[in-house]
Amino acid sequence: MSSEIALQTDGLGKCFHIYDKPRDRLLQMFGASKKKFFREFWALRDISFTISKGEIIGVIGTNGSGKSTLLQIIAGTLSPTIGTVNVIGRVSAILELGAGFNTEFTGRENVLLNTAIIGFSRDAIAEQMEKIRAFSELGDFFDQPIKTYSSGMYVRLAFAVAAHLEPEILIVDEVLAVGDQGFTVKCLDKFAEFRRRNKTILLVTHSLDLVEKFCDQALWLDKGKTHGEGDPKLVVTGYIVDVEKSEEQLLAKEEAARVAQAQSESDAGSANPAEQPH
């Protein structure tokens, strides 16, 4: 691990405009009124952290907490509304299953497309091609259209491409959950290699055990804000306690609603007694 900075965010925030009706979007675009026809939804707000070279960072949080939005901003596929993000070096990202692939192209053709887009020379592409094919373990399917691939095969190709583009920062968004156990172990070995080479990894995952055992830091997002940051074991423990508390509160609300419903039905029966037989 190095003291050199690989990634830094300062006051990062992302706001989306939510329109209740399609016409509201048009009114906002072309209307002369200063009235707002949308509601603001802040997917991220005031996110600040620094990551050093050689660190593996686990990003955790419930669905909808802003994890994927954060990674998209860091990868450069989404612009922040406020704040800044400073990324040092090439970023390679696996943000969602099949992203960046043309389903009509073969695996090989998609590798050529992706590597050419980021500026790899023909010689460099030829050098990496066999490594990518071997790592993906796709066999003959490497030369078949990826529309014939299963979700696990998508993951194999996506990870193989991303890991062999020589990134300084690798971003992985939950896709390891789709792959089989053997390939997951292979990916973790690749992570370890990246760490030895002083490269940085941002990993979004629901596998808390993976975060505790493999990550140097953890970042816990909740409703778009930082809820915890630092030592993975401490952050994960706090997250588990919070989730269990939320589940207990939900169960208590459901039980209260059930009791209230039963009481209401009982009161209704007392107010309208059935006719007694003569």
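Anyway, here's the lowdown on the structure attached to this text. (Residues numbered from 1 in each chain as written. Predicted model: local features only at pLDDT ≥ 70, side-chain atom pairs only at ≥ 80, totals over all residues. Heavy atoms only, no water.)

**What about the pairing of strand β5 (residues 91–94)?**
Only one face of β5 is covered, namely the face carrying S92 and I94; the face carrying V91 and A93 is uncovered. With four bridges connecting them, β5 and strand β6 (residues 169–173) associate as parallel partners. The residue bridging A93 from the neighbouring strand is I171, located in β6. (Buried < 20%, exposed > 50% of the residue type's maximum accessible area, 1.4 Å probe, protein only. Helix = DSSP H or I, 4+ residues; strand = E, 2+ residues; numbered from the N terminus. Pairing = 2+ DSSP bridges.)

**A closer look at the pattern of salt bridges**
Taken as a whole and judged by the stated rule, the model has 14 salt bridges. One salt bridge in this structure joins E40 and K36, with 3.8 Å as the shortest N-O distance. On the basis of relative accessible area, E40 is assigned to the partly exposed category, the value being 46%. By relative accessible area, K36 is classed as exposed at 53%. (Salt bridge = Lys/Arg side-chain N within 4 Å of Asp/Glu carboxyl O.)

**Quick notes on the sheet that holds strand β8 (residues 217–222)**
Within the open sheet, the six strands sit side by side as β5-β6-β7-β3-β8-β9. Their pairing is mixed. Each edge of the open sheet carries a strand with a single partner, namely β5 and β9 (225–230). Going from strand to strand, the sheet's axes swing by 15° on average, the running direction of each strand aside. In this sheet, strand β7 (residues 200–204) lies alongside β6 in parallel orientation, the contact comprising five bridges. Across the sheet, residue D173 finds its bridge partner in β7, namely V204. In the packing of helix α2 (residues 67–75) onto the sheet, contacts are made with β3 (56–60), β5, β6, β7 and β8, and the angle to β6 comes to roughly 150°. Lying over the sheet, helix α5 (residues 151–163) contacts β5 and β6, oriented at roughly 175° with respect to β5. (Axes fitted to C-alpha atoms, helices over the stretch in contact; angles between N-to-C directions. Contact = heavy atoms within 4.5 Å.)

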